[in-house]
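So the chains spell out like this:
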Amino acid sequence: MKESAEQNLQAKNLPLDVAIECLTLRDSRRDIDVVKDPVEEELHKEVEVIDATKKALQQKISQAFEKLCLLQEVRQQLSSDHRDKMETLDIDRGCLSLNLKSPNISLKANPMRVPSGSSTLQQWDDFSQFNKNLAETEMKAAVELREAMALTIAEVTDPSHTLLFHGRLVARGFPVGHVASPPLNLRDFLRWPRAYASPCPASPVLQTNNELEAQRVATDFAFRKRLREMEKVYSELRWQEKNTLEEIAELQEGIRHLEEDLRRKLQNLKLCHTRLESRTYRPNVELCRDQAQYGLTDEVHQLEATIAALKQKLAQAQDALDALHKHLARLQADIDCKANSMLLDAKCMDTRRKLTVPAEKFVPQVDTFTRTTNRTLSPLKSCQLQLV
């Protein structure tokens with residue numbers, strides 16, 4: 001029974017390792033995604049449930065070991081007393097077989113002396129009765145402990161076994177919660193001490209397999225829900241990224257048109273300046289402020305105003321373009337974080353398949369280190385891997 005409890009304790013290492021591995025993987029989330037979400041809460045609950053179950057089993061194993069030691073000590077004491085009594089019985093039988101014609105009878109020196117260490121008949125009877133009572137008490141306790149351990153193992157492995165176990169107790173006439181001990185033989189105890197060596201005193205089981213399974217289902221559900229939320233946010237961010245890229249392209253095209261208009265206006269302004277400068281070299285009275293002179297001057301003022309307005313619009317457009325680039329950088333950083341978080345959660349879900357798939361059939365579907373996958377992914381998840 002102790003070995004069975006140890007095997008059940010060993011079996012709890014896998015779900016505990018899986019839960020801790022998932023928590024460790026999720027520690028690699030970045031920036032805003034480092035949040036205490038329902039998935040993390042369920043994982044911590046899962047660790048607590050498994051730890052509580054392991055603690056209950058470990059307590060039973062420790063108590064079983066202590067009971068084994070006690071039974072071995074009682075067995076050794078009974079064996080020693082049994083050998084002494086058998087030796088005494090042989091001596092008394094030898095004395096009973098002596099008669100007047102026995103060849104080995106003779107006079108002895110002071111045969112009526114009292115050897116040191118002699119005991120009275122009452123002491124001999126008390127000692128023998130004590131050993132007998134101690135052995136029976138320990139055997140009865142061991143049987144009760146074995147039944148309690150069987151119940152504990154049934155509860156932490158398969159709840160259906162618990163009902164069957166209770167049914168067997170009732171069928172044997174034992175009230176549930178207290179297991180009566182059938183009469184035991186000391187000679188049998190000396191021959192098979194381990195038959196009575198069992199777990200420890202019955203104690204309430206902290207967690208059952210039902211709780212472990214329910215917690216596993218709750219954690220898997222939280223993972224799936226979180227992945228759906230992340231995929232929805234990821235799709236929204238990708239849509240915003242697409243719109244932002246389109247706006248940047250449109251704004252860049254507008255800036256290009258503004259710059260072309262500005263260059264044309266500058267060329268026109270250069271032409272006007274050149275004409276005005278050339279007209280300053282007219283000779284004598286020809287250097288007059290005629291209609292052409294006034295027209296060129298008005299054109300210069302209009303061009304300068306237009307150029308100033310174009311420069312202002314160009315500066316505003318550049319500022320808007322810079323803001324869009326910064327917004328795009330934030331979007332892409334957030335998209336990268338979401339892709340990383342989804343990949344980590346996908347790896348966690350893949351790792352949790354170990355809880356339902358036999359070890360010999362388990363094949364990882366997501367590679368954490370190379371960020372690759374062993375199965376066909378949806379276009380959305382393929383984009384996640386490309387970003388990472």
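Residues numbered from 1 in each chain as written. Predicted model: local features only at pLDDT ≥ 70, side-chain atom pairs only at ≥ 80, totals over all residues. Heavy atoms only, no water.

> Describe the overall build of the chain, listing the residues and the values that go with them.
Broken down by element type, the chain carries 9 helices and 2 strands. By the burial criterion, 34% of the 388 residues in the chain qualify as buried. Of the contacts made within the chain by residues no fewer than 6 positions apart, 82% connect residues no fewer than 24 positions apart. Here the chain has roughly 24600 Å² of accessible surface; of this, 56% comes from carbon and sulfur atoms. (Helix = DSSP H or I, 4+ residues; strand = E, 2+ residues; numbered from the N terminus. Buried < 20%, exposed > 50% of the residue type's maximum accessible area, 1.4 Å probe, protein only. Contact = heavy atoms within 4.5 Å. Areas by Shrake-Rupley, 256 points an atom, 1.4 Å probe, with all protein chains shown as cover.)

> Go over the nonpolar core, please, and point to the residues and values.
With 18 residues, the main nonpolar core has Leu251 and Ile255 as its most contacted residues. Of the residues forming this core, the biggest block, 10 residues, is contributed by helix α8 (residues 291–352). When sequence neighbours within four positions are dropped, the list of residues in contact with Ile255 reads Leu314, Ala317, Gln318 and Leu321. Counting residues in hydrophobic clusters, the runner-up holds 16 residues, among them Cys22, Leu25, Val49 and Leu212. (Core = buried A, V, L, I, M, F, W, Y, C linked by side-chain atoms within 4.5 Å.)

> Before we move on, can you summarise the packing of helix α2 (residues 13–26) against helix α3 (residues 38–97) with the specific residues and values?
Between α2 and α3, the least distance of the axes is 10 Å, while the angle of their chain directions is 150°. By the angle between their axes, α2 is roughly antiparallel relative to α3. Read as a crossing pair, α2 and α3 show a hand that is left-handed. Here α2 contributes Asn13, Pro15, Leu16, Ala19, Cys22, Leu23 and Arg26 to the contact with α3, which in turn contributes Val39, Glu40, Leu43, His44, Glu46, Val47, Ile50, Asp51 and Lys54. Residue classes in the contact of α2 with α3 are distributed as 9 nonpolar, 2 polar and 5 charged. (Axes fitted to C-alpha atoms, helices over the stretch in contact; angles between N-to-C directions. Parallel < 35°, antiparallel > 145°, perpendicular 65-115°, else oblique. Left-handed = near helix turned anticlockwise from the far one by under 90°. Nonpolar A, V, L, I, M, F, W, Y, C, P; charged D, E, K, R; others polar.)

> Could you give an account of the confidence of the model for the chain, with specific residues and numbers?
Keep in mind that low pLDDT regions are not for reading the predicted coordinates in detail. When the pLDDT values of the chain are averaged, the result is 77; 77% of them are 70 or greater. Taken as a whole, residues 159–207 scores under 50 in pLDDT and shows 93 contacts with residues more than four places along the chain or in a different chain. In the predicted structure, residues 368–377 sits below a pLDDT of 50 and forms 18 contacts with residues beyond four places in sequence or in another chain. (pLDDT = per-residue confidence, 0-100.)

> How would you sum up the side chain of Gln293? Please name residues and give values.
Here Gln293 lies in helix α8. Accessibility expressed as a relative area gives 12% for Gln293, which makes it buried. Ignoring any residue separated from it by four or fewer positions in sequence, one finds Gln293 in contact with Leu276, Arg279 and Arg282.

> Let's hear about the pattern of salt bridges: which residues, and what values?
Scanning the entire structure with this criterion turns up 24 salt bridges. Its salt-bridge partner being Asp33, residue Lys338 comes within 3.1 Å of it at the nearest N-O pair. Here the residue Lys338 occupies a position in helix α8, and Asp33 occupies one in the loop between α2 and α3, the gap between them amounting to 305 residues. For the residue pair Lys338 and Asp33, the accessibility class agrees, reading buried in each case. (Salt bridge = Lys/Arg side-chain N within 4 Å of Asp/Glu carboxyl O.)

> Describe unusual backbone geometry, naming the residues involved and giving the relevant values.
Phi angles above zero are rare outside glycine, and Asp31 is one such case at about 50°. Tracing the backbone shows Asp31 in the loop between α2 and α3. Backbone geometry places Asn110, a non-glycine residue, at a positive phi of 55°. Position of Asn110 among the secondary structure elements: in the loop between α3 and α4 (121–157).

> Report on the packing of α2 against α8, specifying residues and quantitative values.
Where α2 meets α8, the closest approach of the two axes is 9 Å, and the angle between their N-to-C directions is 170°. Accordingly, the angle class assigned to the pair α2 and α8 is roughly antiparallel. Residues Val18, Glu21, Cys22, Leu25 and Arg26 of α2 form the contact with α8, whose own contacting residues are Leu344, Asp345, Lys347, Cys348, Thr351 and Arg352. For the contact of α2 with α8, a count of residues per class yields 5 nonpolar, 1 polar and 5 charged.

> Requested: an account of the environment of Lys54, with residues and values cited.
Of note, Lys54 is situated in helix α3. In sequence terms Lys54 and Leu9 are 45 residues apart; their C-alpha atoms lie 5.9 Å from each other. Sequence-distant contacts of Lys54, that is, excluding residues within four places in its chain, are made with Leu9, Lys12, Asn13 and Leu16. Within polar-contact distance, the side chain of Lys54 engages the side chain of Asn13 at 2.6 Å. (Polar contact = N/O pair within 3.5 Å; in protein donor to acceptor, adjacent residues only side chain to side chain.)

> Could you give me a rundown of the side chain of Asn131, with the residues and numbers involved?
Here Asn131 is to be found in helix α4. One polar contact links Asn131 to Gln77, side chain to side chain, over a distance of 2.7 Å. Apart from the residues within four sequence positions on either side, Asn131 is in contact with Gln77, Leu78 and Asp81.

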